[in-house]
Amino acid sequence: MTAPVFVVEPGALGPDRITLSGPEGRHAVSVRRLRAGEEIVLTDGLGRGAYGTVAAVDGKDTLEVAVAEVREEAEPRPRITVVQALPKGDRGELAVETMTEVGVDAVVPWAAARCITQWKGERGAKSLAKWRSTAREAAKQARRLRFPEVAEPMTTRQLAGLLSGAAFAAVLHEEGSEPLATAALPPEGDIVLVVGPEGGVSPEELDAFAAAGAKPYRLGASVLRTSTAGVAATALLLGRTGRWG
């Protein structure tokens with residue numbers, strides 16, 4: 001069985017013994033029931049991981065880890081960001097979870113014109129926190145050392161700056177004249193994909209994105225849900241760029 005992953009604060013990873021406590025320690029001891037001698041991985045979520053074994057268990061929420069190896073994971077290139085329009089219900093968390101498992105590097109929530117769901121006030125703050133928690137837990141499940149960033153929500157106007165600064169920017173659209181599978185990709189630089197809401201990207205938004213350098217591309221013959229389009233597109237690009245090698 002592959003060793004489970006737990007998160008520690010940045011700077012806490014070293015070559016010797018590490019104490020895991022708090023909520024992560026409680027989960028390791030009381031939920032996963034790890035015992036002395038079992039393998040474990042600790043990460044700061046920023047690309048650094050410590051691999052070792054449980055040396056001792058102290059109470060219900062603390063264990064000591066004997067570190068055998070510390071690894072550094074370079075920041076991936078190209079970096080893939082998905083701009084995800086806010087879906088209905090829990091489909092947003094589903095999108096974040098599966099994109100994280102696949103390997104996305106950043107997710108940007110987008111309040112598109114045709115979004116039924118709107119993040120405002122306390123509800124918006126809770127929804128963003130839920131997306132971030134989902135990304136964290138999915139990254140642990142996928143045994144990633146570098147967790148994806150879930151940014152603050154952006155408006156269409158704010159997205160224009162993000163898209164214009166990308167080496168390659170695309171809007172996933174069923175009426176795109178060119179398939180994403182054959183699009184000319186840059187040798188380096190950031191890739192940004194825009195996934196629209198259930199009602200589609202409005203003509204005004206398409207115009208704004210085109211002015212920022214983001215063309216519409218199609219994925220295939222079938223029309224995917226907003227919660228699955230980003231996953232499929234990310235997987236496609238990870239293969240095409242060699243990150244899945």
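Residues numbered from 1 in each chain as written. Predicted model: local features only at pLDDT ≥ 70, side-chain atom pairs only at ≥ 80, totals over all residues. Heavy atoms only, no water.

Looking up the chain in an unreviewed UniProt entry gives the name Ribosomal RNA small subunit methyltransferase E, with the organism given as Actinacidiphila glaucinigra. Under the UniProt heading Function (unreviewed entry), the note attached to the chain is "Specifically methylates the N3 position of the uracil ring of uridine 1498 (m3U1498) in 16S rRNA. Acts on the fully assembled 30S ribosomal subunit." Regarding the chain, the UniProt comment filed under Sequence similarities (unreviewed entry) reads as follows: "Belongs to the RNA methyltransferase RsmE family." (UniProt positions renumbered as here; feature names shortened; annotations may be inferred.)

Asker: Just checking my understanding: could you explain the packing of aromatic side chains for this structure?
Answerer: The description of an aromatic ring pair rests on the distance of the ring centres and on the angle between the ring planes. One pass over the structure, following the stated rule, counts 3 aromatic pairs. Geometrically, the ring pair formed by Trp110 and Phe209 is edge-to-face, given 5.3 Å between the ring centres and 65° between the ring planes. Separated by 99 residues along the polypeptide, Trp110 in strand S7 (residues 106-110) and Phe209 in helix H5 (residues 203-211) bring together distant segments of the chain. Given the relative accessible area of 0%, Trp110 is considered buried. Centre to centre, the rings of Phe168 and Tyr217 are 5.5 Å apart; their planes meet at 50°, and the pair counts as tilted. Residue Phe168 is found in strand S9 (residues 168-172), and its partner Tyr217 is found in strand S12 (residues 215-218); the two are separated by 49 residues along the sequence. Residues Phe168 and Tyr217 agree in their burial class; the two are buried. Between the NZ or CZ atom of Arg71 and the centre of the ring of Tyr51, over which it lies, the distance is 3.8 Å. (Phe/Tyr/Trp six-rings, centres within 6.5 Å; stacked < 30°, edge-to-face > 60°. Helix = DSSP H or I, 4+ residues; strand = E, 2+ residues; numbered from the N terminus. Buried < 20%, exposed > 50% of the residue type's maximum accessible area, 1.4 Å probe, protein only. Lys NZ or Arg CZ within 6 Å of the ring centre and 35° of its normal.)

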